[in-house]
Amino acid sequence: MFNRELVNDYLDIIKSDPGYYKDFLEMQEKVNNSSAIYKNKPIPVTYQGMFIGEDDLNEFRKISGILMEITRKVTEEYVNNPEYRALFKFPEDWERLILHNPGYDIPVPICRYDVFYNGIDDYKFCEFNTDGSSAMNEDWVLGGIMLESSGFKKYQEKYELKQFELFDSWVKKSIEIFHMARPDIQKPNVAIVDFIDKGTTNEFIKFKECYENAGYPCEIVDPRDIEYKDGAIYSGDFKIDLVYRRAVTMDVMEKKDEIKPFLDAYLDDAYVMIGSFRSQIMHSKLIFKILRLSETRAFLTDEENEFLQLHVPFTEEFITEDDYERVRTYKDNYILKPYDGYASYSVYAGKEHTREEWEGILRKLLGQNYIYQEYFEMNKIDFVEYDENGDLQIVPFAFVLGMFIYGEQFQGLYTRIGNEALISGARKYYTTPNFLVTKK
């Protein structure tokens with residue numbers, strides 16, 4: 001367990017006094033009345049945070065740096081090499097948008113790269129989220145509430161706790177990137193763009209406030225409502241210079257006929273989009289296979305290739321009868337994911353199904369744009385959990401850490417914990433806010 005001492009010190013506090021249950025209920029009520037909402041429901045939370053020490057913080061910075069350098073090289077090869085580009089199997093209309101130069105040289109301006117983390121040098125990547133990366137608001141709001149809890153106040157007698165700032169830092173970084181493309185516009189009008197029925201509205205409101213507090217007019221805009229006229233895009237009378245794109249590429253392309261003015265204007269450079277469609281290169285689940293191919297190894301350094309060999313799980317396309325037999329025979333060793341997707345929709349883990357169910361799933365999905373991937377068994381961390389009677393339980397939970405990377409630099413974390421085969425909003429889970437911990 002990578003933060004055992006930090007966790008055990010907290011658990012000793014909570015175990016020492018049954019009265020913390022009442023405080024947990026009060027904290028939970030604050031969460032229920034906060035902006036920490038997912039799918040119109042309060043975020044599930046337990047009475048504990050994820051504690052990050054300085055050594056692990058430095059490791060996350062190191063990981064982020066290596067990943068961003070690899071991201072740059074992969075993107076450059078994709079743009080310049082048609083044979084390499086074909087490995088990704090993007091449709092022609094996607095490819096056209098991806099190849100368009102966004103006007104700045106950062107291929108993935110914002111992302112959340114998710115990792116199963118057992119400690120320094122012992123981890124495997126789970127998913128690369130680029131366009132549409134979310135959950136900043138969950139971490140910030142829950143962390144702020146937790147810091148006011150009695151258990152955390154007692155813990156802070158020994159440790160200094162610091163949240164990871166995820167809003168103003170992005171405002172600053174996105175404006176810097178915008179000025180790479182348009183140095184002539186000092187105070188751009190900003191639009192946070194997503195399909196309103198898909199987006200994380202409370203998070204958008206928080207980002208809007210931060211842009212406006214920094215002096216940049218900002219609106220939350222559905223791309224279906226955007227007009228393209230006189231060489232610019234508008235939402236009503238609001239002229240848009242900078243688009244902070246939260247709409248994932250899959251949703252964009254499903255609705256491409258409804259948002260033609262928005263896409264036409266992008267190809268005409270009528271505005272600057274952050275992040276551009278080039279981020280889809282790393283967002284595709286096929287990237288986990290491609291990163292391990294000889295075509296990729298050829299342009300990476302020995303250090304980068306060793307890093308990928310150690311930390312990228314075995315991944316292959318689910319196409320042939322041999323693939324079927326392999327995944328059927330070793331059911332518990334694999335997980336199935338669509339080429340493109342998010343929020344764990346249409347993801348299947350062999351561990352969750354009987355052999356008969358699994359064979360039915362495999363037969364249905366064979367050749368249907370899926371990958372199969374090595375299932376990673378990770379170390380668990382002990383967490384506080386109260387039962388329905390208010391009795392304290394100490395429960396080991398698996399977890400996934402999401403590394404927020406802004407402008408190619410590590411910025412913070414998002415953590416979910418759970419004990420099902422998949423840790424996601426589509427399963428039973430808790431969100432656990434993250435804190436940098438240092439001894440006083």
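Coordinates for the structure precede this section.
Described below are features of the structure shown in this document. Bear in mind that the values here come from a model prediction, so they are computed numbers and not experimental data.

Thoughts on the sheet that holds strand β3 (residues 50-52)
Part 1 of the argument: The sheet built from three strands is open, its strands ordered β3-β22-β6 with mixed pairing. Bordering the open sheet on either side are β3 and β6 (159-163), each of which pairs with just one other strand. The mean angle between the axes of side-by-side strands here comes to 40 degrees, regardless of whether they run parallel or antiparallel.
Part 2 of the argument: Across three bridges, β3 lies against strand β22 (residues 434-439) in parallel orientation. By the bridge assignment for β22, Phe51 is matched with Phe435.
Part 3 of the argument: Those strands touched by helix α1 (residues 4-15) are β3, β6 and β22, and its axis lies near 135 degrees from that of β3.

Some details on the pairing of strand β19 (residues 392-406)
In summary, the side chains of a regular strand alternate between the two faces of the sheet.
Part 1 of the argument: When you tally the buried positions in β19, you get 11 out of 15 residues, the bulk of the element.
Part 2 of the argument: By the bridge criterion, six bridges tie strand β4 (residues 110-119) to β19 in an arrangement that is antiparallel. Residue pairing across strands places Cys111 opposite Ile405, the latter belonging to β19.
Part 3 of the argument: Counting the residues between successive antiparallel strands, the hairpin from strand β18 (residues 381-386) to β19 contains five residues, one of them, Gly390, with a positive phi of roughly 85 degrees.
Part 4 of the argument: Bridge count for β19 against strand β20 (residues 409-418) is nine bridges, and the pairing is antiparallel. Looking at β20, one finds that Ala398 is bridged to Gly418.

Parameters at a glance
Residues numbered from 1 in each chain as written. Predicted model: local features only at pLDDT ≥ 70, side-chain atom pairs only at ≥ 80, totals over all residues. Heavy atoms only, no water. Pairing = 2+ DSSP bridges. Helix = DSSP H or I, 4+ residues; strand = E, 2+ residues; numbered from the N terminus. Axes fitted to C-alpha atoms, helices over the stretch in contact; angles between N-to-C directions. Contact = heavy atoms within 4.5 Å. Buried < 20%, exposed > 50% of the residue type's maximum accessible area, 1.4 Å probe, protein only.

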